[in-house]
Amino acid sequence: MTGPIVILTGAGISAESGLGTFRDKDGLWTRYPLEDVATPEGFARNPALVHAFYNARRANAAGAKPNAAHHALARLQREHTAGVVIVTQNVDGLHEAAGAEAIHMHGELSRALCATCEARWDAPLVMSPTGRCPECGKAATRPDIVWFGEFPYHMERIWEELRKADLFVAIGTSGNVYPAAAFVQDASRAGAETLELNLEASAVISDFDDARFGPASEIVPAWVEEILGK
Ligand code: OAD
């Protein structure tokens, strides 16, 4: 039987729930310059633009439902007794909506952060540059999203889980953004088997022991059946 499993998910797992990916054809970064909407410098230049971008993402995510891949991972987390840790780069709440627990290394659309005092609270559906922090009262509120140039959340815990894993699986992520793109190497060095489940080969495909290609809603439930049947 397989021991502890660590799963990394990216935008591809939510694509069939109607949420856009970043780097595919028509992806978000082909339509919005990421330096403008996903960096601290962009926010300093034009906070209204950045809030408008994330307000639109939040509205999309609020209307989205988990798909068969999210449900299959939630089932795996419930039934695989050796433990399943889901680490997601996604800022939507679709793992939780399917009944799973996930570590959000790039933050969450549903949370707000004060750039002055670092207080965090549930984000309203629409945020704006005039919104005030409930703790310190300053108009310095931002989405609780990790931008380029900032350090992802929960890294010590994630690296510890990678060291303990027997199997590391990356699902629907292009392997372009670090440190997540290096998790396969971290897990491999610590002795885990590694598997990529993706629509197309990622930028780091050569680091994986094995790979399966297809839409997440098909290949993830099939893989989960296999693991639980073992
Ligand atoms: P990308 O947009 O870079 O990659 C999406 C991946 O999903 C690609 O490998 C696609 O082949 C795959 N894909 C698309 N549709 C799929 C489907 N139906 N089933 C399975 N796979 C599918 O998204 P990420 O790798 O998640 O960070 O991007 C990583 C980070 O870059 C994001 O968290 C975000 C972004 O900039 C921040 O905003 C900080």
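Since the structure is predicted, the reported quantities are computational estimates derived from the model, not experimental observations. (Residues numbered from 1 in each chain as written. Predicted model: local features only at pLDDT ≥ 70, side-chain atom pairs only at ≥ 80, totals over all residues. Heavy atoms only, no water.)

**Section: the packing of aromatic side chains**
Within this structure, the stated rule accounts for seven aromatic pairs. Summarising the aromatic geometry, the rings of Phe53 and Tyr54 are spaced 4.9 Å apart at their centres and angled 85° between planes, so their arrangement reads as edge-to-face. When its relative accessible area of 4% is taken as the criterion, Phe53 is described as buried. We classify Tyr54 as buried; its relative accessible area is 5%. (Phe/Tyr/Trp six-rings, centres within 6.5 Å; stacked < 30°, edge-to-face > 60°. Buried < 20%, exposed > 50% of the residue type's maximum accessible area, 1.4 Å probe, protein only.)

**A few points about a negative patch on the surface**
Together, Asp166, Glu193, Asp209 and Asp210 give the surface a local cluster of negative charge. Overall, Asp166 belongs to the partly exposed group, its relative accessible area being 39%. (Patch = residues over 30% accessible without salt bridge, like charges linked within 9 Å, V, L, I, M, F, W, Y side chains within 5 Å. Areas by Shrake-Rupley, 256 points an atom, 1.4 Å probe, with all protein chains shown as cover. Salt bridge = Lys/Arg side-chain N within 4 Å of Asp/Glu carboxyl O. Lys, Arg positive; Asp, Glu negative; His and termini not counted. Charge placed at Lys NZ, Arg CZ, Asp CG, Glu CD.)

**What about the nonpolar core?**
Counting residues in hydrophobic clusters, the biggest one holds 24 residues, and the most contacted among them are Ile5, Ile7, Leu73, Val169, Val220 and Trp223. Going through the elements one at a time, strand S1 (5-9), helix H6 (68-79), strand S2 (84-88), strand S7 (167-171), strand S8 (193-198) and helix H10 (216-229) are the ones with two or more residues in this core. Broken down by element, this core gets its largest block of residues, six residues, from H10. The contacts of Val220, once residues within four sequence positions are left out, are Ala69, Ala72, Leu73, Ile171 and Leu197. In this structure, Leu8, Ile103, Met155 and Phe168 belong to the second largest nonpolar core, which totals 20 residues. (Core = buried A, V, L, I, M, F, W, Y, C linked by side-chain atoms within 4.5 Å. Helix = DSSP H or I, 4+ residues; strand = E, 2+ residues; numbered from the N terminus. Contact = heavy atoms within 4.5 Å.)

**Concerning the environment of Val146**
With respect to the helices, strands and loops of the structure, Val146 is situated in the loop between strand S6 (141-145) and helix H8 (155-164). Residues Val146 and His106, 40 residues apart in the sequence, show an inter-C-alpha distance of 4.8 Å. In contact with Val146, not counting residues within four places along its chain, are Met105, His106, Gly107, Phe151, Pro152 and Tyr153.

**Side note on the pairing of S7**
Taking burial as the measure, the five residues of S7 include five buried ones, the bulk of the element. The alternating pattern of S7 places Leu167, Val169 and Ile171 and Phe168 and Ala170 on opposite faces, both of which are buried. Sheet topology note: the S1/S7 ladder contains five bridges and is parallel. Its bridge partner lying in S7, Leu8 is registered against Ala170. Of the strand pairs in this sheet, S7 and S8 are connected by five bridges, and their pairing is parallel. For Leu167, the partnering residue across the bridge sits in S8 and is Glu193. After leaving S7, the chain enters helix H9 (residues 183-189) and then returns to the sheet as S8, a path that is right-handed. (Pairing = 2+ DSSP bridges. Right-handed = clockwise from strand over helix to strand, strands pointing away.)

**Focus: the site of the ligand**
Lining the immediate environment of the ligand, one finds 24 residues, of which Phe22, Arg23, Trp29, Thr173 and Ser174 sit closest. Between His106 and the ligand, the recorded distance is 2.8 Å, taken from a side-chain N or O atom to an oxygen atom. Taking Asn198, its side chain carries an N or O atom lying 3.1 Å from an oxygen atom of the ligand. Across the complex, the protein chains shield 94% of the 800 Å² of accessible surface that the ligand would expose by itself. Taken together, the residues of the shell around the ligand break down into 10 nonpolar, 10 polar and four charged. (Near = heavy atom within 4 Å. Polar contact = N/O pair within 3.5 Å; in protein donor to acceptor, adjacent residues only side chain to side chain. Nonpolar A, V, L, I, M, F, W, Y, C, P; charged D, E, K, R; others polar.)

**Here we look at the state of the cysteines**
Under the defined criterion, the tally for this structure stands at zero disulfides. Here Cys114 stays free of any disulfide, with the sulfur of Cys136 as its closest cysteine sulfur at 3.7 Å. Not part of a disulfide, Cys117 finds its nearest cysteine sulfur in Cys133, a span of 3.8 Å. Note on Cys117: relative accessible area 36%, which makes it partly exposed. (Disulfide = S-S within 2.5 Å.)

**Comments concerning the environment of Pro129**
Checked against the element boundaries, Pro129 lands in the loop between strand S5 (120-122) and S6. For Pro129, a relative accessible area of 37% puts it in the partly exposed group. Taking C-alpha positions, Pro129 is 7.0 Å from Ala140, a pair spaced 11 residues apart along the chain.

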